[in-house]
Every structure is written in structure tokens, then in C-alpha cells.
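Here is how the chains run, residue by residue.
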Amino acid sequence: MTVLQWFIDLFNSQIALPGGQSLNTREVVGNIFGLLSALGAMRRKMWAWPVGIIGNVLLFTVFIATIIDPAASTPNLLGQAGRQIMFITVSIYGWVRWRQSKREGDGGSGDTAIVPRWAGWPVRIGMIAFMVIGTVALTPLFSALGSHEPVWADAWTFVGSLLATFAMAKGWTEFWLVWVAVDIVGVPLLFSAGYYATAFMYLFYGVFTAIGFFVWARAQAKEKPTVETAHLDPTVTKP
């Protein structure tokens, strides 16, 4: 077996389940990376971003199943595939944003990258409007491209994921609640499309995001940005 064939077999490998069912290995591994990234986000660790990007790359190849393999049994979820590209793009922004925050002394205690903060009501209203308008705008596009029904649910998860990732990069505690809204719609969609590993991960992630919200809310109540202060040199005297 050549090295190339070994990689092809690994890329197409499946995990056998009872009853003749199977799970795509890339889907399982990609979701494990996603879960690790979520854990890093809860703890406000810088490594959450690159770990998440690895998972996004793997999951992108999963959700364009029939484009890679015309014989694939699972349908394309173009919103889910597009989410992965969006995740990678916004995650790079978030990675840079958190590094800048830490460098400027806004990272809080220990090695956490940021101190969480509330977005405020004007931003919250804007977030809700973005979710609704974005879903309405993208649904016809995803439908024309052949995404799985109900197409509006695919559009909702795409728009919500974009918003949640951006809000996480900004350090807004509300981003956890946006993920809850995404999961409520995304879990039934993924089950109906046959992406069981991702659906179960979303189901678990829904509970995880609720916990994450309270962890961040408590952190922002207790922590303050670490600000370096200049101290006068007692050895210097006025002439």
C-alpha cells in the first residue's frame, strides 16, 4: 500500500456501529476538536482558536459529502459547510483579537486571554436582528444551491454560528446564549440529514454552552483586567 493510498483510506474510513450503521471518522474527529475548542473557550485559553480551526477543516470535508464522493449516502449541508469556512476566517480574527487583548493587559488573572463583558442591550437587539434578517436573506440562496430541507434551519445555524464566533472574539458573554439558539435548531436538522456524530455533539454542546454562560458571567463579576502601573523610582530626587 502506498502512502497516498493509506491517506485516502484514512480519509474515507468509517466507524462501524451495531445494526449495520457507521459514522464518518472525520466527522467524529472533527467534532472532538470542536469540543476541545469549546472547553478552551470556556477557560478563555488562546489555544481554543487553533484547535477549533483543525476541527473546522475536517468538518468542511464532511458536509460537502457528495461533492467529494458522488456515491455518499449523506446529503450536502451547504450552510454547515459554509460555516466551517466562516469559522476558520472568524477564528483567525478571534485568535489575533485575544492575543492583542492579552498583550494590552486585558487578559484577566492567570493565563486567560480576556476578561468577559456584557455586550449591552443595543448590541443584543442588533444581534437578534442580524439572526432573523440573515436567515431570511440566506434561505433562498441555500435553497437554490440544493441544501437539505428545511433550508431555513441550515441558514439559521450558519448565521448564528457566525454571530456567536464573532461575539466570542469580542469577549461578549452573550455569545454562549447565541450558541444555545443555534443548537436548538441545529440538532434536529443534523439528525434528519443523517449526520449523527455532529448531532450528538451539538446535543451535548447545548448543555455545555449553558454552563459556559454562567462560567463567563461569574468570571466577569470577579475579574478585572490586569493593568500595568508605572511606579516612581524612589532614588530619583528633584534638583
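Nothing here was measured: the structure is a model prediction, and the numbers come from that model. (Residues numbered from 1 in each chain as written. Predicted model: local features only at pLDDT ≥ 70, side-chain atom pairs only at ≥ 80, totals over all residues. Heavy atoms only, no water.)

Asker: Break down the nonpolar core for me, with residues and values.
Answerer: Counting residues in hydrophobic clusters, the biggest one holds 49 residues, and the most contacted among them are Trp98, Phe175, Trp176, Trp179 and Tyr205. Elements with a minimum of two residues in this core: α2 (25-42), α3 (48-63), α5 (78-103), α6 (121-144), α7 (151-170), α8 (175-193) and α9 (196-222). Looking at this core, the element that brings in the most residues is α7, giving eleven residues. In this view, Trp176 contacts Ala38, Ala41, Met42, Tyr205, Phe208, Thr209, Gly212, Phe213 and Trp216; residues no more than four positions away in its chain are not counted. (Core = buried A, V, L, I, M, F, W, Y, C linked by side-chain atoms within 4.5 Å. Buried < 20%, exposed > 50% of the residue type's maximum accessible area, 1.4 Å probe, protein only. Helix = DSSP H or I, 4+ residues; strand = E, 2+ residues; numbered from the N terminus. Contact = heavy atoms within 4.5 Å.)

Asker: Break down the packing of aromatic side chains for me, citing the residues and quoting the values.
Answerer: Under the criterion given, the structure shown has 17 aromatic pairs. Ring centres of Phe175 and Trp216 lie 5.0 Å apart, and the angle between their planes is 65°; this geometry places the pair in the edge-to-face category. Taken together, the residues span a long stretch of sequence, with Phe175 in helix α8 and Trp216 in helix α9 at a distance of 41 residues. One exposure class covers both Phe175 and Trp216, and it is buried. Ring plane angle 15° and centroid distance 6.1 Å describe the contact between Tyr205 and Phe208, whose orientation is recorded as stacked. Of the two residues, Tyr205 and Phe208 are both situated in helix α9; the distance of three residues between them amounts to about one turn of the helix. For Phe208, a relative accessible area of 12% corresponds to the buried category. A cation sits over an aromatic face here: Arg124 above Trp121, 4.7 Å from the ring centre. (Phe/Tyr/Trp six-rings, centres within 6.5 Å; stacked < 30°, edge-to-face > 60°. Lys NZ or Arg CZ within 6 Å of the ring centre and 35° of its normal.)

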